[in-house]
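Reading the structure
Here is what each chain is made of, one letter per residue.
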2 protein chains.
Amino acid sequence: MATLYLNDFVRDVPDFPKPGITFKDITPLLLSPVAFKSAIDQLVVPYQDEKIDFVVSAEARGFIFGPPVAMALNAGFIPLRKPGKLPGETIEESYKLEYGTDTLQIHKGHIKPKSRILMLDDVLATGGTMAAGAKLVEKVGGTIIGFSFLIELSFLAGKTKLDGKKVHSLLNYS
Amino acid sequence: MATLYLNDFVRDVPDFPKPGITFKDITPLLLSPVAFKSAIDQLVVPYQDEKIDFVVSAEARGFIFGPPVAMALNAGFIPLRKPGKLPGETIEESYKLEYGTDTLQIHKGHIKPKSRILMLDDVLATGGTMAAGAKLVEKVGGTIIGFSFLIELSFLAGKTKLDGKKVHSLLNYS
């Protein structure tokens, strides 16, 4: 088989969501079962001997990658959601956007003290979402083993918000 | 191993999202790699000889189940999203909620004419979301082979909105 380059499955969409921004569209990757499986396999590799208990991802695109990685690691999956979506008791964390703020919630009682957590998302941009998610995980007692991303936009320096933890990215745009 | 009952991994949350409604919370299922894998395996079974090209699911909870089912069927995954989220050219469909309307979009150009589609979601309630998604899939030329749901709330009769297509549900609450 010819070598598969994940980068060939990411589409640049200029001026989205607004003029001057080039959006990395991962939906072409999802169309190809071979490319998607390769991405999941590569996201798993750095953590396969880390005895991960739970993979944690934020809605909505994080939900596409978190559960398959969790399955491959024989770990559970825990969703981070926008307010009003999780039906049980939650704690929440707000974080800054370019304009305004956003809030994420996590269920109480699902992460046990010392649970070993892999934080996973499709794209690391400014790091706001994953930094807020990490705070929530630590508030409920979890131990963050590392972060995995399909794409890292390293020019936005999101890694600096992730407290020196291990960060793996499959594709890096600088 | 003791028999695994998926129903044991679904939590009833009374009065959510509002008084009088009992919400079926699937997050306990996600915590258990064994139960989650069992659910995915059972969602796959009725379609494993159907040569499915793409699994189509709506944000956000549909994204948790669609990609693992797609991987198991060696199919691609296509997301249905709320307006403003898909960066490429889209078509959209609006549908009624109890109060007001909601809208779903799908990328143009990803489903090819005659592509064989499995529509998948976590819960079949009134059927509005999946009926709108099915219209979008058919507008871009896809052929819907069937629908799969983890949970069917059959007292809401959502199946009547799905045009007599094949519908499989793992758990049925009547």
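Rules used throughout
- Residues numbered from 1 in each chain as written.
- Chains lettered and ligands numbered in written order.
- Predicted model: local features only at pLDDT ≥ 70, side-chain atom pairs only at ≥ 80, totals over all residues.
- Heavy atoms only, no water.
- Contact = heavy atoms within 4.5 Å.
- Buried area = accessible area lost by both parts, 1.4 Å probe.
- Polar contact = N/O pair within 3.5 Å; in protein donor to acceptor, adjacent residues only side chain to side chain.
- Helix = DSSP H or I, 4+ residues; strand = E, 2+ residues; numbered from the N terminus.
- Nonpolar A, V, L, I, M, F, W, Y, C, P; charged D, E, K, R; others polar.
- Least-squares fit on C-alpha atoms with pLDDT ≥ 70 in both.
- Salt bridge = Lys/Arg side-chain N within 4 Å of Asp/Glu carboxyl O.
- Buried < 20%, exposed > 50% of the residue type's maximum accessible area, 1.4 Å probe, protein only.

1. Some thoughts on the interface of chain B and chain A
On the side of chain A, 35 residues touch chain B, which itself brings 35 residues to the contact. Summing both partners gives a buried area of about 2900 Å² for chain B against chain A, and 73% of it is carried by carbon and sulfur. Looking at the side of chain B facing chain A, the largest losses of area belong to Leu 31, Met 71 and Pro 87 of chain B, adding up to 21% of the total buried there. Remark: the boundary between chain B and chain A carries 6 residue pairs in polar contact (both at pLDDT 80 or more). No other element matches helix α3 (residues 62-72) of chain B, which puts 5 residues into the side of chain B that touches chain A. Class assignment for the residues of the side of chain B that touches chain A results in 21 nonpolar, 7 polar and 7 charged.

2. Side note on the relation of the copies chain B and chain A
Taken as rigid bodies, chain B and chain A are interconverted by a rotation of 180° and an axial shift of 0.0 Å, the fit giving an RMSD of 0.0 Å. The relationship between the two copies is best expressed as a two-fold rotation axis.

3. A short note on the pattern of salt bridges
Counted according to the given criterion, the structure contains 26 salt bridges over all chains. With a shortest N-O distance of 3.9 Å, Lys 159 of chain A and Glu 152 of chain A are connected by a salt bridge. The buried category is assigned to Glu 152 of chain A, whose relative accessible area is 6%. In this structure, Glu 89 of chain B and Lys 108 of chain B form a salt bridge, with 3.2 Å as the shortest nitrogen-oxygen distance. With Glu 89 of chain B in the loop between β4 (76-80) and β5 (90-96) and Lys 108 of chain B in the loop between β6 (101-107) and β7 (116-124), this pair connects stretches of sequence that are 19 residues apart. The class for Glu 89 of chain B is exposed, based on a relative accessible area of 57%.

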